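# Observations on the model geometry
As a plain string of letters, each chain reads:
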Amino acid sequence: MIKMNTTLWAGVITIGMLIISNIMMTFAWYGHLKLQQMGVTSNWPLYLVILLSWGIAFLEYCFMVPANRIGFVDNGGPFSLLQLKIVQEALTLTIFTAFVTIFFKGESLHWNHFVSFGLLVLAVFFAFLDTK
């Protein structure tokens, strides 16, 4: 069996929970648009759509808040606040892009999107660069 130190384990748990959190948040923010396209919520009043999204967002927070606590360096995790935020944003855009590509067939990726993702990878690289 492979033994991992607690800091590495906290990082793995944090990233996993951030991925789950981002999937839920993407559905909370944009899933209602797909449901509307499918005719499921097209006749719903806006307040019901908001309540649906808030319900999903509540579950999202049940993963996001613990992920940040576990991953934060002051709690024994491997990430500074800035690193947590940059990883979060990179995951958000990656998951959003997959969501749009899968569920919204009219959207397509272009060269500028790939350049943007490359710059995000560089942002993550620089955020983790040891400058001490």
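Residues numbered from 1 in each chain as written. Predicted model: local features only at pLDDT ≥ 70, side-chain atom pairs only at ≥ 80, totals over all residues. Heavy atoms only, no water.

### Section: the nonpolar core
Defined as follows: By convention a nonpolar core is built from buried Ala, Val, Leu, Ile, Met, Phe, Trp, Tyr and Cys residues, the set being connected through side-chain atoms within 4.5 Å. When accessible area is computed with a 1.4 Å probe and restricted to protein chains, residues below 20% of their type maximum are described as buried, those above 50% as exposed, and intermediate ones as partly exposed. We count a stretch as a helix when DSSP gives it H or I for four or more residues in a row; a strand needs E for two or more, and each element gets its number in order from the N terminus. Contact criterion: two residues are considered in contact whenever any of their non-hydrogen atoms come within 4.5 Å of each other.
By size, the foremost hydrophobic cluster in this structure holds six residues: Met17, Leu18, Met64, Ala67, Val87 and Leu91. Of all the elements in the fold, those that place two or more residues in this core are helix H1 (6-37), helix H2 (46-71) and helix H3 (81-103). Setting aside chain neighbours within four positions, we find Met17 in contact with Cys62, Phe63, Pro66, Ala67 and Ile70.

### Points about the packing of aromatic side chains
Using the following cut-off: Centres within 6.5 Å are what make two rings of Phe, Tyr or Trp a pair, Trp counting through its six-membered ring; a difference in plane orientation under 30 degrees is then read as stacked, over 60 as edge-to-face, and the rest as tilted. A positively charged side chain is recorded as over a ring if its NZ (Lys) or CZ (Arg) lies within 6 Å of the ring centre. The angle to the ring normal must also be within 35 degrees.
According to the stated counting rule, one finds eight aromatic pairs in the structure shown. Judged by centre distance (5.7 Å) and plane angle (70°), the rings of Phe27 and Phe103 are edge-to-face. Of the two residues, Phe27 is situated in helix H1 and Phe103 in helix H3; the sequence distance between them amounts to 76 residues. Assessed through its relative accessible area of 31%, Phe103 is described here as partly exposed. One residue, Lys34, lies across the ring of Phe104, its end atom 5.7 Å from the ring centre.

### What about the packing of H3 against helix H4 (residues 111-128)?
We apply this condition: Think of each axis as a best-fit line through the C-alpha atoms, taken over the contacting stretch in the case of a helix, with angles from 0 to 180 degrees between the N-to-C directions. In this scheme, roughly parallel covers angles under 35 degrees and roughly antiparallel covers those over 145, while 65 to 115 is roughly perpendicular and the rest are oblique. Left-handed describes a crossing whose near helix is turned anticlockwise from the far helix through less than a right angle; right-handed describes the clockwise counterpart. Residues are grouped as follows: nonpolar covers Ala, Val, Leu, Ile, Met, Phe, Trp, Tyr, Cys and Pro; charged covers Asp, Glu, Lys and Arg; every other residue, Gly included, is treated as polar.
At a closest axis distance of 9 Å, the pairing of H3 and H4 adopts a crossing angle of 160°. If you check the angle between H3 and H4, you find them roughly antiparallel. Two packed elements cross with a definite hand, and for H3 against H4 that hand is left-handed. For the pair H3 and H4, contact is made by Gln83, Ile86, Val87, Ala90, Leu93 and Thr97 and by Phe117, Leu120, Ala123, Val124, Ala127 and Phe128, respectively. For the contact of H3 with H4, the per-class residue count stands at 10 nonpolar, two polar and no charged.

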